[in-house]
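Letter by letter, the chains look like this.
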Amino acid sequence: MLLVFGLTAVFRTVSEGTFHCPQCGGDRAYRRRTGRRWFSLFFVPLVPLWRLGQNVECRACRRRFAVSALRTPTAQQMAAALPAAMRAAAALVLRAGDPSDGTARARAIDTVAGYGEPGYDDAGVETDLELRRDVLEREVALAGSQLAVEAKEWFLAQVVRIGLADGPLGEGERRVLHRIAELLGMSRAYALGVIVTTEGASR
Ligand SMILES: [Zn+2]
């Protein structure tokens, strides 16, 4: 009798989700798979041997990638990062001024709505004002890594307008605005230009 034996790789799915497929160039479903080499007899895996690495397979194009492909943000995550960053920046600048000022809060709500979160309201402002500074700063930095130069400038100008809503900028507000600019990846001189221009336009 002829024995047919060999080595077979068997993969099983360990998790599923949505990722940015480098091949399709968009948000796609993926499955994360882990593999093991088996000793097989008559093409039936019999004895488990060594483990193979994990990989990620795109359900659309079937291409496989290293697990590090999951680190790239999806388009949906990027779209959500922007209003989250504006919420955070608004909370930072409100806190540096008068966080109870109604005009400033209304300006913050309008601005966040303009950045794609129309449901944002006073309760949302209240929640964001409670968050730790490093949490808020991380949200701003995340968006900063994705924005083009012009979009950063516009973002900062919007935050300056929130700061101006309760009256002229105080020292604390200026410090926070420069910190936000730094998190966005803007130079200090560039940020100063945007702040001064926005102040001038509001007079
Ligand atoms: Zn794909």
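Residue positions are given per chain, counting from 1 as you read along its sequence in written order. Thresholds applied to this predicted model are a pLDDT of at least 70 for local features of residues and 80 or more for the giving and counting of side-chain atom pairs; totals over whole chains, interfaces and linings are not thresholded and use all residues.

Let us now look at the overall build of the protein. Numbering of helices and strands starts at the N terminus; helices are DSSP runs of H or I of at least 4 residues and strands are runs of E of at least 2. Each helix and strand counted, the protein has 7 helices and 4 strands in total. When the helices and strands of the protein are read in sequence order from the N terminus, they spell out β-β-β-β-α-α-α-α-α-α-α. Our radius of gyration looks at C-alpha atoms and nothing else; its globule reference is 2.2 Å times the residue count to the power 0.38. Its C-alpha radius of gyration of 25 Å places the protein more than 25% over the 17 Å reference for a compact globule of 203 residues. Counting only C-alpha atoms, the protein reaches 95 × 35 × 25 Å along its principal axes. With C-beta atoms placed from the backbone, a residue counts as buried when 20 or more other C-beta atoms lie within 10 Å of its own, as exposed when 12 or fewer do, and as partly exposed for counts between those limits. Of all 203 residues assigned to the protein, the portion counted as buried reaches 31%. We call two residues in contact whenever the C-beta atoms placed from their backbones are within 7 Å. The long-range fraction of contacts in the protein, counting pairs at least 24 apart against all pairs at least 6 apart in sequence, stands at 66%.

Turning next to the domain arrangement of the protein. Segmentation of the chain into domains, including their bounds, is taken from an automatic or database domain assignment. Partitioning the protein into structural domains gives domain 1 (5–71) and domain 2 (75–202). Between the C-alpha centres of domain 1 and domain 2 the distance comes to 42 Å.

Strands are treated as partners if at least two bridges between them are detected by DSSP. The sheet built from 4 strands is open, its strands ordered β1-β2-β3-β4 with antiparallel pairing. Pairing within the sheet leaves two strands with one partner each, and these edge strands are β1 (5–21) and β4 (64–65). As judged from the 16 bridges shared by β1 and strand β2 (residues 26–41), these two strands associate in the antiparallel manner. Its bridge partner being in β2, A9 is matched across the sheet by R37.

Here the focus is the nonpolar core. As a rule of thumb, soluble globular proteins bury nonpolar side chains together. A set of buried residues qualifies as a nonpolar core if it consists of Ala, Val, Leu, Ile, Met, Phe, Trp, Tyr and Cys joined through C-beta atoms within 7 Å. With 39 residues, the main nonpolar core has A89, A90, V93, V140, L156, V159 and I180 as its most contacted residues. Of all the elements in the fold, those that place two or more residues in this core are α1 (75–96), α2 (102–114), α4 (133–144), α5 (149–164), α6 (171–184) and α7 (188–202). The element that contributes the greatest number of residues to this core is α1, accounting for 11 residues. With sequence-adjacent residues up to four places away left out, V140 is seen in contact with A85, A88, A89, I180, L183 and L184. Counting 5 residues, the second-largest nonpolar core is a separate cluster that includes F19, Y30, V56 and C58.

Look at α5 against α7: their axes get within 9 Å of each other, and the N-to-C directions meet at 50°. With respect to α7, the axis of α5 lies oblique. Crossing hand, α5 versus α7: right-handed. Of the residues in α7, those in contact with E153, L156, A157, V160, R161 and L164 of α5 are A191, V194, I195, T198, E199 and S202. Among the residues forming the contact of α5 with α7, the class breakdown is 7 nonpolar, 2 polar and 3 charged. Inter-axis angles, ranging from 0 to 180 degrees, are taken between N-to-C directions of lines fitted to C-alpha atoms, where helices are fitted over the stretch in contact. The scheme is simple: roughly parallel for angles under 35 degrees, roughly antiparallel for over 145, roughly perpendicular for 65 to 115, oblique for anything else. Each crossing is labelled by how the near helix is turned from the far one, with a counterclockwise turn of less than a right angle marking it left-handed and a clockwise turn marking it right-handed. Three classes are used: nonpolar for Ala, Val, Leu, Ile, Met, Phe, Trp, Tyr, Cys and Pro, charged for Asp, Glu, Lys and Arg, and polar for all others, with Gly counted as polar.

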